[in-house]
Amino acid sequence: MHELSLCLNAVEIIEQQARKNGAQRVTGVWLEVGALACVEESALRFGFSIACRETLAQDCELHIIHKPAQAWCWTCSQAVAAERYDECPLCHCPTLHIAQNEGVQVKSIEVE
Ligand SMILES: [Zn+2]
């Protein structure tokens, strides 16, 4: 389950940020998930709850933001926001070049 390792990385970043801000506790986390990152939301939530155990982020609220990948369509000759690998959202041609495919990123955190 690669979601768990993604979550462990994310929690590490979250804890670093929280400590830097002198926080006692992390109450909310916003994770940005790339559309093509092959991440399943339920697995991500489960992995996150495990990764947060015994950290400042334990029992925090997890918000998941879906983000389309940045791609270039050779048929349209323009940049598009791709939700899939094999089809342009505008012309539905399989002529996409995925430029940027982000996995999971910590967008912001809420601390107290
Ligand atoms: Zn296109």
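Details of the structure are given in the entry above.
Residues numbered from 1 in each chain as written. Predicted model: local features only at pLDDT ≥ 70, side-chain atom pairs only at ≥ 80, totals over all residues. Heavy atoms only, no water.

J.: When you look at the sheet that holds strand β3 (residues 69-73) in this model, what are you seeing that I'm missing?
T.: Spatially, the three strands line up as an open sheet ordered β4-β3-β5, and their pairing is antiparallel. At either end of the open sheet lies a strand with only one pairing partner, and these are β4 (78-82) and β5 (96-100). For this sheet the average axis-to-axis angle between neighbouring strands, irrespective of direction, equals 40 degrees. Here four bridges tie β3 to β5, and the two strands are oriented antiparallel to one another. When the bridges of β5 are listed, Gln 70 appears paired with Gln 100. (Pairing = 2+ DSSP bridges. Helix = DSSP H or I, 4+ residues; strand = E, 2+ residues; numbered from the N terminus. Axes fitted to C-alpha atoms, helices over the stretch in contact; angles between N-to-C directions.)

J.: Teacher, can you tell me more about the coordination of the zinc ion here?
T.: Octahedral metals with six donors have ideal donor angles of 90 or 180 degrees. Tetrahedral metals with four donors have an ideal donor angle of 109.5 degrees. Listed as protein donors to the zinc ion are Cys 73 (SG), Cys 76 (SG), Cys 88 (SG) and Cys 91 (SG); their distances from the metal cover 2.2 to 2.3 Å. For the zinc ion, the four donor atoms in the first shell make angles of 105 to 116 degrees at the metal, a pattern classed as tetrahedral. Counting the intervening residues between successive donors of the zinc ion yields the motif C-x2-C-x11-C-x2-C. Taken as a pair, Cys 76 in the loop between β3 and β4 and Cys 88 in the loop between β4 and β5 lie far apart in primary sequence, 12 residues in all. Note on Cys 76: relative accessible area 24%, which makes it partly exposed. (Donors = N, O, S within 2.8 Å, 3.2 Å for Na, K, Ca; no water. Tetrahedral: all angles 85-135°; square planar, octahedral: opposite > 155°, others 65-115°. Buried < 20%, exposed > 50% of the residue type's maximum accessible area, 1.4 Å probe, protein only.)

J.: Quick question: what am I supposed to make of the side chain of Glu 15 here?
T.: As for its position among the elements, Glu 15 is in helix α1 (residues 2-20). In contact with Glu 15, other than residues within four places in its own chain, are Thr 55 and Leu 56. (Contact = heavy atoms within 4.5 Å.)

J.: Honestly, the sheet that holds strand β6 (residues 104-111) in this entry has me stumped. Any pointers?
T.: What holds strands together in a sheet is hydrogen bonding between their backbones, with the strands either parallel or antiparallel. One open sheet accounts for three strands, arranged β2-β1-β6; its pairing is mixed. The open sheet has two free edges, formed respectively by β2 (61-67) and β6, since each of these has just one partner strand. Direction aside, neighbouring strands of the sheet carry axes that sit 20 degrees apart on average. Sheet topology note: the strand β1 (residues 26-34)/β2 ladder contains seven bridges and is parallel. When the bridges of β2 are listed, Trp 30 appears paired with His 63. Strands in contact with α1 are β1 and β6; relative to β6, the strand with the most contacts, it is inclined by about 40 degrees. On top of the sheet, helix α2 (residues 41-51) reaches β1, β2 and β6; it is set at about 145 degrees to β2, its chief contact.

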